[in-house]
Amino acid sequence: MENVVIANGRREYERIDKRRARYFFNKGVPIVMCPCNLEVGEPFHYEVKVERNEMNENFDEIVNKFEKFECNNNSGNYASFYMIF
């Protein structure tokens, strides 16, 4: 995967793969998910911030729910993951 950094608004987003996103999620670091054909940041903010919570949902359950309801042929069929800086 290419090292993609998006500077948008006041934040920078670095795209990471699913394996690294799972690792950071399990460590308690917040990550961002977005449908793969859409861009994170301003002006529309299609991204969703994800972090561990009291419900103890695992990473794969959260990603599956996100892809089921938010991803389609227009926005992209899978989620892309980003770190926030």
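The structure this text deals with has already been given above.
What counts as what
Residues numbered from 1 in each chain as written. Predicted model: local features only at pLDDT ≥ 70, side-chain atom pairs only at ≥ 80, totals over all residues. Heavy atoms only, no water. Core = buried A, V, L, I, M, F, W, Y, C linked by side-chain atoms within 4.5 Å. Buried < 20%, exposed > 50% of the residue type's maximum accessible area, 1.4 Å probe, protein only. Helix = DSSP H or I, 4+ residues; strand = E, 2+ residues; numbered from the N terminus. Contact = heavy atoms within 4.5 Å. Expected span 1.5 Å × (residues − 1). Arc of directions from axis to C-beta. Polar contact = N/O pair within 3.5 Å; in protein donor to acceptor, adjacent residues only side chain to side chain.

Asks: So what exactly am I meant to see when it comes to the nonpolar core here?
Replies: Among the nonpolar cores identified, the biggest contains 15 residues, and Ile16, Ala21, Ile31, Met33, Val50, Phe59 and Phe81 are the most heavily contacted of them. Listing elements by their share of this core, those giving two or more residues are α1 (18–27), β3 (31–35), α2 (59–70) and β5 (79–84). No other element matches α2, which puts four residues into this core. Beyond its immediate chain neighbours, meaning those up to four positions away, Met33 contacts Tyr46, Glu47, Val48, Val50, Ile62, Val63, Phe66, Ala79, Ser80 and Phe81. Core analysis: the next-biggest nonpolar cluster, separate from the first, contains six residues, Ile6, Tyr13, Val32 and Tyr82 among them.

Asks: Just checking my understanding: could you explain α2 for this structure?
Replies: The terminal C-alpha atoms of α2, which comprises twelve residues, lie 16 Å apart, in line with the 16 Å expected from a rise of 1.5 Å per residue. For α2, every residue scored as buried is listed here: Phe59, Ile62, Val63 and Phe66. For α2, the angular spread of buried residues about the axis comes to 95°, placing them on one side. Residues of α2 that are exposed and point over 90 degrees away from its buried face: Lys68 and Phe69. Capping the start of α2 is the job of one residue whose side-chain oxygen sits 3.3 Å from the backbone nitrogen of Asp60: Asn58.

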